[in-house]
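Coordinate inspection notes
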Amino acid sequence: MSFPSQIKVPATYIRGGTSKGAFFRLQDLPEACQVPGEARDKLLLRVIGSPDPYEKQIDGLGNATSSTSKTVILAAPTQPDHDVDYLFGQVSIDKPFVDWSGNCGNLTAAVGAFAINGGFVAKDRVPENGICTVRIWQANIKKTIVAHVPITKGEVQETGDFALDGVTFPAAEVKIEFMDPADGEGSMFPTGNLVDDLDVPGVGMLKATMINAGIPTIFVNAEDIGYKGSELQGDINSDPKALAMFETIRAHGAVKMGLIKDIAEAANRQHTPKVAFVAKPVDYVSSSGKQITTSEVDLLVRAMSMGKLHHAMMGTAAVAIATASAIPGTLVNLAAGGGDRTEVTFGHPSGTLRVGAEAKEVNGQWTATKAIMSRSARVIMEGWVRVPQDSF
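Summary of the structure given here.

A few words now on helix α2 (residues 105–117). In an α-helix, one full turn covers 3.6 residues, which means residues spaced three or four apart are oriented alike. At valine 111, α2 shows its largest kink, close to 30°. Among the 13 residues that make up α2, twelve are buried, leaving the element largely enclosed by the rest of the structure. Residues of α2 that are buried: Gly105, Asn106, Leu107, Thr108, Ala109, Ala110, Val111, Gly112, Ala113, Phe114, Ala115 and Ile116. With its phi angle positive at about 85°, glycine 119 sits one or two positions after the end of α2.

Mapped onto the fold, threonine 209 is located in strand β11 (residues 204–213). Of the polar contacts made by the side chain of threonine 209, one reaches the backbone oxygen of leucine 194; its length is 2.7 Å. Excluding residues that lie within four positions of it along the chain, threonine 209 makes contacts with Phe189, Leu194, Val195, Thr217, Ile218, Phe219, Thr330 and Leu331.

What follows deals with the environment of threonine 108. Tracing the chain through its elements places threonine 108 in helix α2. Taking relative accessible area as the criterion, threonine 108 reaches 0% and is therefore assigned buried. Counting along the chain gives 269 residues from threonine 108 to alanine 377, while the straight-line C-alpha distance between them is 9.0 Å. Sequence-distant contacts of threonine 108, that is, excluding residues within four places in its chain, are made with Tyr86, Asn103, Ile145, Ile176 and Phe178.

This part is about the pairing of strand β3 (residues 70–75). Along any regular strand, the residues point their side chains to alternate faces of the sheet. Most of β3 sits out of view: six of its six residues are buried. Burial along β3 is two-sided: Lys70, Val72 and Leu74 facing one way and Thr71, Ile73 and Ala75 facing the other are all buried. As paired strands, strand β2 (residues 19–25) and β3 are joined by four bridges and run parallel to one another. Bridged to arginine 25 within β3 is leucine 74. Each parallel crossover has a hand, and the one from β2 via helix α1 (residues 38–48) to β3 is right-handed.

Per the stated rule, a full pass over the model turns up four aromatic pairs. The interplanar angle of 20° and the centroid separation of 5.6 Å between the aromatic rings of phenylalanine 246 and phenylalanine 277 together place this pair among those described as stacked. You can see phenylalanine 246 sitting in helix α4 (residues 240–256) and its partner phenylalanine 277 sitting in strand β13 (residues 274–279), a full 31 residues away along the chain. Given the relative accessible area of 3%, phenylalanine 246 is considered buried. Of the residues examined, phenylalanine 277 reaches a relative accessible area of 0% and is grouped as buried. Taken together, Tyr227, Phe246 and Phe277 form an aromatic cluster joined through their ring pairs. In this structure, lysine 8 is placed above the aromatic ring of tryptophan 384, and the distance from its NZ or CZ to the ring centre is 4.4 Å. Looking at arginine 302, its charged tip hangs above the ring of tyrosine 284, at a distance of 4.7 Å from the centre.

Cut-off values and rules
- Residues numbered from 1 in each chain as written.
- Predicted model: local features only at pLDDT ≥ 70, side-chain atom pairs only at ≥ 80, totals over all residues.
- Heavy atoms only, no water.
- Bend = angle between axes of the 7 residues up to and from the residue.
- Helix = DSSP H or I, 4+ residues; strand = E, 2+ residues; numbered from the N terminus.
- Buried < 20%, exposed > 50% of the residue type's maximum accessible area, 1.4 Å probe, protein only.
- Polar contact = N/O pair within 3.5 Å; in protein donor to acceptor, adjacent residues only side chain to side chain.
- Contact = heavy atoms within 4.5 Å.
- Pairing = 2+ DSSP bridges.
- Right-handed = clockwise from strand over helix to strand, strands pointing away.
- Phe/Tyr/Trp six-rings, centres within 6.5 Å; stacked < 30°, edge-to-face > 60°.
- Lys NZ or Arg CZ within 6 Å of the ring centre and 35° of its normal.

Okay, here's the thing in structure tokens:
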């Protein structure tokens, strides 16, 4: 009996923000995988090690969490005045599908550097020392993102003293601007309301802010679902009833936001929308043992990602938090104390994060011009990833 050999595909394994993923240049993928479709999805599933009924992804690059089951494809820009197209694929851990419905804000921090190293940015735009501005077209959500990448001696500077809660070691700071982060195809608030009554079977009637900025997100009050907002991963992820409750909230919220027509469709759309719960500040101890006091944060936020409580905060959800906090009357804004604000510092399971946004009301409709945050990124390994030839 003969078995297929393995092929080598050029790839780079990168940490971006509090996530990790396998990065590819489109032209380096096997020809059948250079276009969207089954072959591409199968390749990426095999690279990450999914679907895995053991939920460990031992036979791939994934690390069995939503934060590390990720893939990125960069290509020549399809839009004028941009340097690169950025396509993100969230790989399911235990199911055979890749979700292309949204962006990854954390890995965005690594896109600028990978674009520079991958030859997508013109050499005359990369300074010898200073900051290189990389203009990114986010192909999933069709939005512009601007990454400000530090350069030293003509090369991307990765090491530094910027500390990011949720990441063990410091690195160089990468500032990111998410331009016009709201959904360009509809209202930032799909229901037309800053706060809705969301009827969730088995849970009750919940107040909810449903916003499409950065990524579609459903915000609810922590106290309405029996939490304080200071919970850590173990408090949620070890409770099957809690996980089922959050998935029910997510499915019914997705229908109300118009993202799906029936709650059954939510099972095949795990990446979006996100569900998060907010609360006014209380003192708590983060997952690293760091004491977080009420004086350090404006509010507390915990967010679900791919069915589990995230260990820190997704970058795209941070955009949603920043945008919602800038709009008086949303649950996020009210938890932060209400009123007009252009930035907030929120507490998450691993620590704190400061984010900013600019929003304004025009003819009764709220719009956001940009959201801003700082992240870091570092190449962990580069070379080739091997997959069996019959994987795709």
